[in-house]
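Fold and contact review
Here is how the chains run, residue by residue.
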Amino acid sequence: MQETLFYLRVGHFLPSSMSDSNTSNFTNPSTFILLGIPGLEAAHLWISIPFCAIATTAVLGNFTILFTVMVEPSLHEPMYYFLCMLTVTDILLSSSTIPKMLSIFWFNLREIDFSACLTQMYFIQCFSVMASGILVAMAFDRYVAICDPLRHSTILTNSVVAKIGLAVMLRSSMLVMPNPILASRWPYCRTNIIPHTYCDGIAVVKLACADIRASSYYGLFLAFFITGVDVFLIAISYIQILRAIFSLPTKDARLKAFRTCGSHIFVFLIFLIPSFFSILTHRFGQNVPLHFHVLMANLYLLVPPMLNPIIYGVRTKQIRNQLFRLFTRKGT
């Protein structure tokens, strides 16, 4: 018999035979059902191969950077301390999404506890905001190192670096907290099926049968005000850095400084552009195919943690040299 279809609040059609029990009236579901990538369920196994490779590269690469900086005293400098903060954040961000995502792709384990879903939502958003703050700190470090090099060691002392890291952590953990609190208060009386591979904030609250403007407005506040302030601060830092670079006397000095800053700018762009795309399409991109949006949302969380250690490991001479020494030392 041909399947009938029902319409979800998220604006997409799903087979009603998939889970009729999940569409009954209830206000506090004990579990949510994660669909994975809607429309591409048959390809989940194949999609999992590049996703798993990206995640493995991200975790191994970030652990390698972290280990290299820890064991080499010559890398105990503010820039590398901030890099370690970024690598830890990337590892935690990957760990928040990859296990559940692969369990959906490989074992069809789609259920997630309601409280676990809200916890995952919180940590994904928290680590994303944290990464943005760390990139601001790295931009400030480069600004001081290039524009005022004689005072770099006195401005960015170990205690100042620790305070900046603590401030970034507190900012992200406190500002993101209202999102899961608001989500836990909404009634979910139509469906508990989430057309996603993880508990994305707006995808969850769109399932509520209530006025969710508070969640929507606060999400936009986080996206545009917090990230907007970070973008502004980074832009100001690099404008000053570029002015200082072009005033350097020799071409080699300008090229060296520009390469260092170029890799930082590239890291920020690959973090920022997919992030804004995901946020905007969730709210305003009704014509964007759902599977394309979910794929982009996953790549936004997976690709930056993979590229960060590659960019910093390959393009940063100090780390590249220390890695070479570590491996040649082990080889002998």
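Here we summarise the structure given alongside this text.

What counts and how
Residues numbered from 1 in each chain as written. Predicted model: local features only at pLDDT ≥ 70, side-chain atom pairs only at ≥ 80, totals over all residues. Heavy atoms only, no water. Helix = DSSP H or I, 4+ residues; strand = E, 2+ residues; numbered from the N terminus. Buried < 20%, exposed > 50% of the residue type's maximum accessible area, 1.4 Å probe, protein only. Disulfide = S-S within 2.5 Å. Phe/Tyr/Trp six-rings, centres within 6.5 Å; stacked < 30°, edge-to-face > 60°.

1. Things to note about the environment of Ser-153
- Topologically, Ser-153 is positioned in helix H4 (residues 152–155).
- Ser-153 sits in the exposed class, given a relative accessible area of 55%.
- In this structure the C-alpha to C-alpha distance between Ser-153 and Pro-78, which are 75 residues apart in sequence, comes to 8.6 Å.

2. Details of the state of the cysteines
- Taken as a whole and judged by the stated rule, the model has 2 disulfides.
- Paired through a disulfide, Cys-117 and Cys-199 show a sulfur-sulfur distance of 1.9 Å. Linking Cys-117 and Cys-199, the disulfide has an S-S dihedral of approximately -120° and is accordingly described as left-handed. Of this pair, Cys-117 sits in helix H3 (residues 114–147) while Cys-199 sits in the loop between strand S5 (193–194) and helix H7 (201–205); the two residues are 82 residues apart in sequence, bridging distant segments of the chain. Summarising the burial analysis for this pair, Cys-117 and Cys-199 share the class buried.
- Note on cysteine connectivity: Cys-189 is disulfide-linked to Cys-209, with sulfurs 1.8 Å apart. Of this pair, Cys-189 sits in the loop between helix H6 (178–185) and S5 while Cys-209 sits in the loop between H7 and helix H8 (213–246), and the two are 20 residues apart along the sequence.

3. Considering the packing of aromatic side chains
- One pass over the structure, following the stated rule, counts 9 aromatic pairs.
- Taking the centre distance of 5.9 Å and the plane angle of 70° together, the rings of Phe-114 and Tyr-188 count as edge-to-face. On the criterion of sequence distance, the pair formed by Phe-114 in helix H3 and Tyr-188 in the loop between H6 and S5 is long-range, its members being 74 residues apart.
- On the accessibility criterion, Phe-114 (14% relative accessible area) is buried.
- Ring plane angle 65° and centroid distance 5.4 Å describe the contact between Tyr-122 and Phe-123, whose orientation is recorded as edge-to-face.
- Under the relative-accessibility criterion, Phe-123 is labelled partly exposed at 35%.
- Grouped by ring-pair contacts, the aromatic residues Phe-32, Phe-114 and Tyr-188 constitute a single cluster.

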